[in-house]
Amino acid sequence: QDPYAAHVETAEFNGTLRASNTLIHQMKMVKTHMSPCFPPFWHMEILWMTCVAAVSSRHILKQIGGQEGKHCESFTVTQLLDLVAWIESFKETVEDAFPQLLDAVSRRNEPTSKVMTLQELMSRGKVDLESAKDNLQHVVNVLMDVHTVAQDQFIFRTRQQTNEWLQKSIMQIWLNLKVTM
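Calculation rules
- Residues numbered from 1 in each chain as written.
- Predicted model: local features only at pLDDT ≥ 70, side-chain atom pairs only at ≥ 80, totals over all residues.
- Heavy atoms only, no water.
- Helix = DSSP H or I, 4+ residues; strand = E, 2+ residues; numbered from the N terminus.
- Rg over C-alpha atoms; globule rule 2.2 N^0.38 Å.
- Buried < 20%, exposed > 50% of the residue type's maximum accessible area, 1.4 Å probe, protein only.
- Contact = heavy atoms within 4.5 Å.
- Core = buried A, V, L, I, M, F, W, Y, C linked by side-chain atoms within 4.5 Å.
- Expected span 1.5 Å × (residues − 1).
- Axes fitted to C-alpha atoms, helices over the stretch in contact; angles between N-to-C directions.
- Parallel < 35°, antiparallel > 145°, perpendicular 65-115°, else oblique.
- Left-handed = near helix turned anticlockwise from the far one by under 90°.
- Nonpolar A, V, L, I, M, F, W, Y, C, P; charged D, E, K, R; others polar.
- pLDDT = per-residue confidence, 0-100.

### Description of the overall build of the protein
Here comes step 1: Per the secondary structure count, the protein includes six helices and zero strands.
Here comes step 2: Moving toward the C terminus, one meets the helices and strands of the protein in the order α-α-α-α-α-α.
Here comes step 3: Relative to the compact-globule value of 16 Å for 181 residues, the protein shows a C-alpha radius of gyration of 21 Å, a clear excess of over 25%.
Here comes step 4: Burial status across the protein gives 34% buried among its 181 residues.
Here comes step 5: By sequence separation, contacts in the protein at least 24 residues apart represent 76% of the contacts at least 6 residues apart.

Printed below as a string of structure tokens:
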């Protein structure tokens, strides 16, 4: 692979995670400063988080090769760790903002659906709150699947690197012992 293309892909991935981090960390500002400026039936907090979830997950899924993480094998260990950390941070932010929303046991195995757009969520002039909650739950479920794939790839790679290091170390020790005998 072209080293320049790999550098661009890495920079794009890192930029996506940085932008996504900024968006989720603005949740407090949305709650305290933005939400009071809108009618209550707009449910600004859930609308914001649903939009952040949709945009962030779409870009991340595109870069990692979909929910199955087809491109994760080409990611560095650092990128995999960053991805796992971002997903955990995102899920934690959603849980903190909407503790009643996420139910990992009962809703985790629901059939997947398409992530709704802002226009679909506000089709009747106000936010369809139940659809927004379902939408956010769906994105969290998809991201948790990605989390599992990235975490498994990270563990595999770490184990592989550790085994290589151990083999080289043992070989070096054996050679040193052989020389001293």
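### Overview of the side chain of Q153
Here comes step 1: Counting through the fold element by element, Q153 comes out in helix α6 (residues 129–180).
Here comes step 2: Other than its neighbours up to four places away in sequence, Q153 contacts C72, E73 and L80.

### A short note on the nonpolar core
Here comes step 1: Counting 39 residues, the largest nonpolar core has I64, L83, F90, F98 and L136 as the members making the most contacts within it.
Here comes step 2: Put simply, the parts of the chain that give this core at least two residues each are α1 (3–25), α2 (27–34), α3 (44–64), α4 (77–97) and α6.
Here comes step 3: With 10 residues, the single largest contributor to this core is α3.
Here comes step 4: Among all residues touching I64, those that are not within four sequence positions of it are F13, G69, K70, H71, C72, F75, L83 and V146.

### Points about α3
Here comes step 1: If you check α3, its first and last C-alpha atoms are 30 Å apart, about what 21 residues at 1.5 Å a residue would give, namely 30 Å.
Here comes step 2: Most of α3 is tucked away: 15 of the 21 residues are buried.
Here comes step 3: Just past α3, the residue G65 takes up positive phi, approximately 90°.

### Brief notes about the packing of α4 against α6
Here comes step 1: Where α4 contacts α6, the axes come no closer than 9 Å and their chain directions differ by 150°. Considering their axes alone, α4 and α6 lie roughly antiparallel with respect to each other. Two packed elements cross with a definite hand, and for α4 against α6 that hand is left-handed.
Here comes step 2: Looking at the contact of α4 with α6 residue by residue, the classes come out as 16 nonpolar, five polar and three charged.

### With respect to the confidence of the model for the protein
Here comes step 1: With 92% of its residues at a pLDDT of at least 70, the protein reaches an overall mean of 84.
Here comes step 2: Averaged pLDDT values over the elements of the protein bottom out at 74 in helix α5 (residues 118–121) and peak at 91 in α4.
Here comes step 3: In the predicted structure, residues 104–109 sits below a pLDDT of 50 and forms eight contacts with residues beyond four places in sequence or in another chain.

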